[in-house]
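# Structural description and commentary
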Amino acid sequence: MTEARWNTDDGRRDAARLWAEVVATARRTVADHLVVGTSGNVSARLGDLVLVTPSGVPYDRLTPADITGVDLTGRQVLGTATPTSELPMHLAVYRTTDARAVVHTHAVHATAVSTLVTELPLVHYMAAALGGPVRVAPYATYGTDELAGHMLRALDGRSGCLLRNHGTITYGAGLDQAYDRTAQLEWMCRLWLTASSVPGLTPTLLTEAQLAEVGERLKGYGQRR
């Protein structure tokens, strides 16, 4: 979608529909306790337009008039609200992958795990749905290109990662998939923390070979269209 396209009636309608989905997904992260207040952010790509939640605005206050859009260079082309401070991470994902949506949260269990390990232990086979063992990106100040660079390396071959002392980031072919991956990652982190907290016992972990087998099975999972 070029800038000329955004200014047509069809382009504005497409952007408005996607903006409503972005807002609904952002509100869902609050309802599901993956973020608190205005932490975390959500975006979706429409051609070369990226719609992204604005900085410091509670999601329940967002309206159609608050639509916030940038191009892939970060230049604001829609709306007047300042885009999320984490825009460098979102744009880095869109520039280097086929992502159509990105979800970033400060989920409690995932953030806790990010402070303990460099990679989420293979406690469950659904790690295969994210491309393999989930890595932890080294810490860097939020909103910086340094953090975006750390994130990209942790995402290599993956559709989600943890950010040390920070949270999670996942992407997908649409907002539903990106959100589902975020929820799955938080669940796996909670599972590992729960299992590893039992005194005197150590969780059984899967092998890389077992995970690879699940990855092959997942390719045919679900309803065929």
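None of the values given here were measured: they were computed from a predicted structure. (Residues numbered from 1 in each chain as written. Predicted model: local features only at pLDDT ≥ 70, side-chain atom pairs only at ≥ 80, totals over all residues. Heavy atoms only, no water.)

It is worth spelling out the environment of leucine 130 at this point. Structurally, leucine 130 is set in the loop between α4 (108-114) and β6 (136-137). Placed 52 residues apart in sequence, leucine 130 and threonine 182 show a C-alpha to C-alpha distance of 9.6 Å. Residues in contact with leucine 130, not counting those within four places in the same chain, are Gly157, Arg158, Ser159, Gly160, Arg181, Leu185 and Met188. (Helix = DSSP H or I, 4+ residues; strand = E, 2+ residues; numbered from the N terminus. Contact = heavy atoms within 4.5 Å.)

Turning next to the pattern of salt bridges. By the definition in use, this model includes four salt bridges. Taking the shortest distance from any N to any O, the salt bridge between arginine 28 and aspartate 32 comes out at 3.8 Å. In this structure arginine 28 comes out as partly exposed when scored by relative accessible area, which is 36%. Between aspartate 71 and arginine 75 there is a salt bridge, with its nearest N and O atoms 3.1 Å apart. (Salt bridge = Lys/Arg side-chain N within 4 Å of Asp/Glu carboxyl O. Buried < 20%, exposed > 50% of the residue type's maximum accessible area, 1.4 Å probe, protein only.)

On to helix α5 (residues 145-155), then. Every buried residue of α5 is accounted for by Leu147, Ala148, Gly149, His150, Met151, Ala154 and Leu155. On its buried side, α5 packs onto α3 (87-96), β6, β7 (160-163) and β8 (167-172). In the stretch just after α5, glycine 157 is the one whose phi turns positive, near 75°.

Let us now look at the pairing of β7. Burial along β7 is two-sided: the face carrying Gly160 and Leu162 and the face carrying Cys161 and Leu163 are both buried. As defined by bridge partners, β6 adjoins β7 across two bridges and the pair is classed as parallel. Each residue of the ladder has a partner; that of valine 136, found in β7, is leucine 162. Note on the crossover from β6 through α5 to β7: the handedness is right-handed. In this structure, β7 lies alongside β8, joined through four bridges in antiparallel fashion. Bridge pairing in β8 links leucine 163 to glycine 167. Here β7 folds back onto β8 in antiparallel fashion, the turn holding three residues, of which asparagine 165 has a positive phi close to 55°. (Pairing = 2+ DSSP bridges. Right-handed = clockwise from strand over helix to strand, strands pointing away.)

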